[in-house]
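Below are the chains, spelled out letter by letter.
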Amino acid sequence: MTGRTFPVSWWELHRDAKALAWRLMDKSDRTGPFKGVIAVARGGMVPATIVARELELRLVDTLCIASYDDRAKGEIQVLKSIDGDGTGWVIVDDLVDTGATARAVRELLPKAHFATVYAKPEGRPTVDTFVTEVSQDTWILFPWDSEMQEVPPIARSR
């Protein structure tokens, strides 16, 4: 994969997930309150926890899907599903990239509200709510995938 790497700190992720909760609170008022949060594991677990806390939702479940091995996209595998059609639930993931995982999630839970913290252009139409759009060629480096280390200035990477 070519393109940019966009590191996100724990603080930035918390801020952006809280912004997602604000947007979801507005949606919840119009459609009735959400009864719970479904985190798309693993990336959606941290943002889902923040959203659940901010919306005072105590029902939290996981939908476990594997679609990446490091930075390589693979076959979508549903490792753990959820019963029902998603009515009353909000699904939270960290990112929608190409939309392949989101389409699989939508197939499983078509009536849930799908929200992500970050969205890329190809995947954006597959989610109902998101906070920040990044370019398709950007790799978001989440805090759970990185360690602090010295890096050279951007100009040296040319």
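Residues numbered from 1 in each chain as written. Predicted model: local features only at pLDDT ≥ 70, side-chain atom pairs only at ≥ 80, totals over all residues. Heavy atoms only, no water.

Colleague: So what's going on with the overall build of the chain? Residues and values would help.
Modeller: The helix and strand tally for the chain stands at 3 helices and 8 strands. Start at the N end of the chain and walk to the C end: the helices and strands fall as β-α-β-α-β-β-β-α-β-β-β. In terms of overall size, the chain behaves like a compact globule, its C-alpha atoms giving a radius of gyration of 16 Å where 158 residues would be expected to give roughly 15 Å. Its C-alpha atoms give the chain principal-axis dimensions of roughly 50 × 30 × 25 Å. Sorting the 158 residues of the chain into buried and exposed places 41% on the buried side. Long-range pairs, those at least 24 residues apart, make up 60% of the contacts in the chain with a sequence separation of at least 6. Carbon together with sulfur atoms contributes 52% to the accessible area of the chain, which is approximately 9600 Å² in total. If you average the places of the 20 positive and of the 23 negative side-chain charges in the chain, the two averages end up 4 Å apart. (Helix = DSSP H or I, 4+ residues; strand = E, 2+ residues; numbered from the N terminus. Rg over C-alpha atoms; globule rule 2.2 N^0.38 Å. Buried < 20%, exposed > 50% of the residue type's maximum accessible area, 1.4 Å probe, protein only. Contact = heavy atoms within 4.5 Å. Areas by Shrake-Rupley, 256 points an atom, 1.4 Å probe, with all protein chains shown as cover. Lys, Arg positive; Asp, Glu negative; His and termini not counted. Charge placed at Lys NZ, Arg CZ, Asp CG, Glu CD.)

Colleague: Outline the environment of D94, supporting the account with residue identities and numerical values.
Modeller: Locating D94 in the fold gives a position in strand 5 (residues 89-96). Residue classification places D94 among the buried positions, given a relative accessible area of 10%. In this structure, the C-alpha to C-alpha distance between D94 and C64, residues 30 residues apart in sequence, is 13 Å. Residues in contact with D94, not counting those within four places in the same chain, are G43, G44, P47, T116, V117, Y118, F142 and W144.

Colleague: Outline helix 2 (residues 45-54), listing residues and values.
Modeller: Turning to helix 2, its buried residues are P47, A48, I50, V51 and A52. Count one or two residues on from helix 2 and you reach E56, which has phi positive near 55 degrees.

Colleague: Before we move on, could you go through the environment of W22 and cite the residues and values that matter?
Modeller: Among the secondary structure elements, W22 is positioned in helix 1 (residues 10-31). Residue W22 is classed as exposed on the basis of its relative accessible area, which comes to 54%. Spatially, the C-alpha atom of W22 lies 8.4 Å from that of L55, the residues being 33 residues apart in sequence.

Colleague: Which residues make up the pattern of salt bridges, and what values go with them?
Modeller: Summed over all chains, the structure comprises 7 salt bridges. R106 serves as the salt-bridge partner of D128, at 3.0 Å between the closest nitrogen and oxygen. Of this pair, D128 sits in the loop between strand 6 (113-119) and strand 7 (129-133) while R106 sits in helix 3 (residues 100-108), and the two are 22 residues apart along the sequence. (Salt bridge = Lys/Arg side-chain N within 4 Å of Asp/Glu carboxyl O.)

Colleague: Tell me what's going on with the confidence of the model for the chain, and back it up with residues and numbers.
Modeller: Of all residues in the chain, 91% have pLDDT values of 70 or greater, and the mean over the chain is 91. Per-element mean pLDDT across the chain ranges from 82 in strand 4 (residues 72-80) up to 98 in strand 6. (pLDDT = per-residue confidence, 0-100.)

Colleague: Could you give an account of unusual backbone geometry, with specific residues and numbers?
Modeller: Residue R42 is reached from A41 by a cis peptide bond, and omega for that bond is 15 degrees. Tracing the backbone through its elements, the reader meets R42 in the loop between strand 2 (36-41) and helix 2.

Colleague: I'd like a description of the packing of aromatic side chains, backed by residues and values.
Modeller: Geometrically, a pair of aromatic rings is defined through the distance of the ring centres and the angle of the planes. Within the structure shown, the criterion is met by 3 aromatic pairs. For the ring pair Y118 and F142, a centre distance of 5.9 Å and an interplane angle of 50 degrees mean the geometry is tilted. Placement of the pair is Y118 in strand 6 and F142 in the segment after strand 8 (138-141), with a sequence separation of 24 residues. A relative accessible area of 1% means that Y118 is categorised as buried. We classify F142 as buried; its relative accessible area is 4%. The interplanar angle of 0 degrees and the centroid separation of 4.9 Å between the aromatic rings of F142 and W144 together place this pair among those described as stacked. (Phe/Tyr/Trp six-rings, centres within 6.5 Å; stacked < 30°, edge-to-face > 60°.)

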